[in-house]
Amino acid sequence: MILRDRPYNRLVALHCTECGFVNAEGANYCQKCGAFLGAGESGDEPTTSSYRIGETGEQDAIEIEPGIDVPGASLVIRSGGGRAGEVFPVDGERLAIGRSPDAPIFLDDVTVSRNHALLVTRNDGIYIDDLGSLNGTYVNRHRVESRKLEDGDEIQVGKYKLSFLER
């Protein structure tokens, strides 16, 4: 999609450097291949927004309240299963994610494997390891087997989207 810049009536678009797809102004990720497009003209950091469908059928933005006080690292559900805003502190050496009721991060949906992924604390940081799940584990829209997590990373497990926060 190409947008017209009203003050100058010129065409404004972002071309993906990976696949060449023309994306709308302000897009952070390519609509075709998912590649990061950059921070845009404003120079702001890219952000991820999550929405849920409200009672009236309109989209309501979900924001993490600044008052949430979780020491160290945590995972916050951004969308999926009607549990947006639920916080899981990442403490200990290992933290299981899956559909198994015994998992500390229990995600009840058929798109999530019983033993889907594992958060592991290693010497140089916290990693997410996929445990051979059918639908895969994604970090910032890229399927991963194992990846070191950074503050603000978006993790997708089945239909659930979670944010990794280090405070």
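Our subject is the structure that appears above.
Residues numbered from 1 in each chain as written. Predicted model: local features only at pLDDT ≥ 70, side-chain atom pairs only at ≥ 80, totals over all residues. Heavy atoms only, no water.

This part is about the nonpolar core. Counting residues in hydrophobic clusters, the biggest one holds 22 residues, and the most contacted among them are Leu75, Ile97, Leu119 and Ile128. If we skip the residues at most four places from it in the chain, isoleucine 97 touches Leu75, Ala103, Ile105, Leu107, Asn115, His116, Ala117, Leu119, Ile128 and Val157. (Core = buried A, V, L, I, M, F, W, Y, C linked by side-chain atoms within 4.5 Å. Buried < 20%, exposed > 50% of the residue type's maximum accessible area, 1.4 Å probe, protein only. Contact = heavy atoms within 4.5 Å.)

We now examine the pattern of salt bridges. Applying the stated criterion across every chain, the model contains three salt bridges. One salt bridge in this structure joins glutamate 86 and arginine 83, with 2.9 Å as the shortest N-O distance. Owing to a relative accessible area of 32%, glutamate 86 belongs among the partly exposed residues under this scheme. In this structure, the salt-bridge partner of aspartate 129 is arginine 122, at a minimum N-O distance of 2.6 Å. With relative accessibility at 13%, the residue aspartate 129 sits in the buried group. (Salt bridge = Lys/Arg side-chain N within 4 Å of Asp/Glu carboxyl O.)

Mapping serine 113 onto the fold places it in the loop between strand 10 (105-106) and strand 11 (117-122). Along the backbone, serine 113 and isoleucine 97 are 16 residues apart, and their C-alpha atoms lie at a distance of 8.8 Å. Those residues in contact with serine 113 that lie beyond four places of it in its chain are Gly98, Arg99, Ser133 and Leu134. At a separation of 3.4 Å, a polar atom in the side chain of serine 113 contacts the main-chain amide nitrogen of leucine 134. (Helix = DSSP H or I, 4+ residues; strand = E, 2+ residues; numbered from the N terminus. Polar contact = N/O pair within 3.5 Å; in protein donor to acceptor, adjacent residues only side chain to side chain.)

Any functional reading would require information beyond the geometric quantities listed.
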